[in-house]
Amino acid sequence: MAHAELLLDNQICFRLYSASRLITQAYAPMLNELGITYPQYLVMMVLWEKDGQPVNDIARHLLLETNTVTPLLQRMEKQGLVIRNKGEKDKRQQIINLTRAGKDMEEKAYTLIPTGMGKRMSACPLQPNDYQELAKQLDILIESLKK
């Protein structure tokens, strides 16, 4: 090959893509039990942290566009997990609130996911401090790419 920079084995992007896809796959059985997808789980985590957020804030927090988040929220509303309300100050703004079912799901997710992922990751030789360092490095990469 004329350009080593184009070898798949030399691509950090491929490793990130593969790791992301495989981690999402590992979450699937637990999320199926909850009846949600991985993107819906991300939205739920944002709302469990702080309920009653505008769609724009949720999208920004997830590094997504609002036109990506809106259909996701519409499906979640049909599932009875969230409710969309007009903003009090700005009627054009949609505020997303958890329903009782959405709030109750947090406890079920807590019993399923940390334990399930802990078991799944236990075969990996990385230690907790390795994951913390990896998270820091990825945060630096993400911030750099956002600019």
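Residues numbered from 1 in each chain as written. Predicted model: local features only at pLDDT ≥ 70, side-chain atom pairs only at ≥ 80, totals over all residues. Heavy atoms only, no water.

Q: Where do I start with the pairing of strand β3 (residues 94-98) in this structure?
A: Alignment of strand β1 (residues 53-54) against β3, held across two bridges, turns out to be antiparallel. When the bridges of β3 are listed, Q53 appears paired with I96. Two strands pair when backbone bridges link them, and strand β2 (residues 82-86) and β3 are joined in this way by five bridges, in the antiparallel orientation. Along β3, the bridge assignment pairs K86 with Q94. (Pairing = 2+ DSSP bridges. Helix = DSSP H or I, 4+ residues; strand = E, 2+ residues; numbered from the N terminus.)

Q: Hey, could you run me through the packing of helix α2 (residues 38-49) against helix α4 (residues 66-78) in this one?
A: Each pair of packed helices can be described by the angle between their axes along with the distance between the axes. For the pair α2 and α4, the least separation of the axes is 10 Å and the interaxial angle reads 85°. It follows that α2 is roughly perpendicular to α4 by the angle criterion. Where α2 abuts α4, its residues P39, Q40, V43 and M44 lie against L72, L73, R75 and M76. Considering only residue class, the contact of α2 with α4 consists of six nonpolar, one polar and one charged. (Axes fitted to C-alpha atoms, helices over the stretch in contact; angles between N-to-C directions. Parallel < 35°, antiparallel > 145°, perpendicular 65-115°, else oblique. Contact = heavy atoms within 4.5 Å. Nonpolar A, V, L, I, M, F, W, Y, C, P; charged D, E, K, R; others polar.)

Q: Sorry if this is basic, but what is going on with the sheet that holds β1 here?
A: By way of backbone hydrogen bonds, the strands of a sheet pair with one another, either parallel or antiparallel. Read across the sheet, three strands follow the order β1-β3-β2 without closing on themselves; strand pairing throughout is antiparallel. Because the sheet does not close on itself, it has two edges, and the strands there are β1 and β2. Here α2 sits on the sheet in contact with β1, β2 and β3, set at roughly 85° to β3. Of the strands in this sheet, β2 and β3 are in contact with α4, which crosses β2 at around 115°.

Q: Please explain the nonpolar core as it appears in this structure.
A: As a rule of thumb, nonpolar side chains are buried together in soluble globular proteins. Residues L34, I36, Y41, V43, M44, I58 and I113 are the most contacted members of the largest nonpolar core, which totals 29 residues. For this core, the elements supplying multiple residues, two or more each, are α1 (12-34), α2, α3 (55-61), α4, β3 and α5 (100-121). With residues up to four places along the chain from it excluded, the contact list for I113 reads Y27, M30, L31, L34, Y41 and G118. (Core = buried A, V, L, I, M, F, W, Y, C linked by side-chain atoms within 4.5 Å. Buried < 20%, exposed > 50% of the residue type's maximum accessible area, 1.4 Å probe, protein only.)

Q: Quick question: what am I supposed to make of the pattern of salt bridges here?
A: Pairing of side chains with opposite charge becomes possible as their charged atoms draw close. If you walk through the whole model with that rule in mind, you get four salt bridges. For R84, the salt bridge is made with E77, and the minimal N-O distance between the two is 2.7 Å. Since its relative accessible area comes to 25%, R84 is described here as partly exposed. Owing to a relative accessible area of 27%, E77 belongs among the partly exposed residues under this scheme. Across the salt bridge formed by R100 and D104, the nearest N and O atoms sit 3.2 Å from each other. (Salt bridge = Lys/Arg side-chain N within 4 Å of Asp/Glu carboxyl O.)

Structural measurements only, silent on function.
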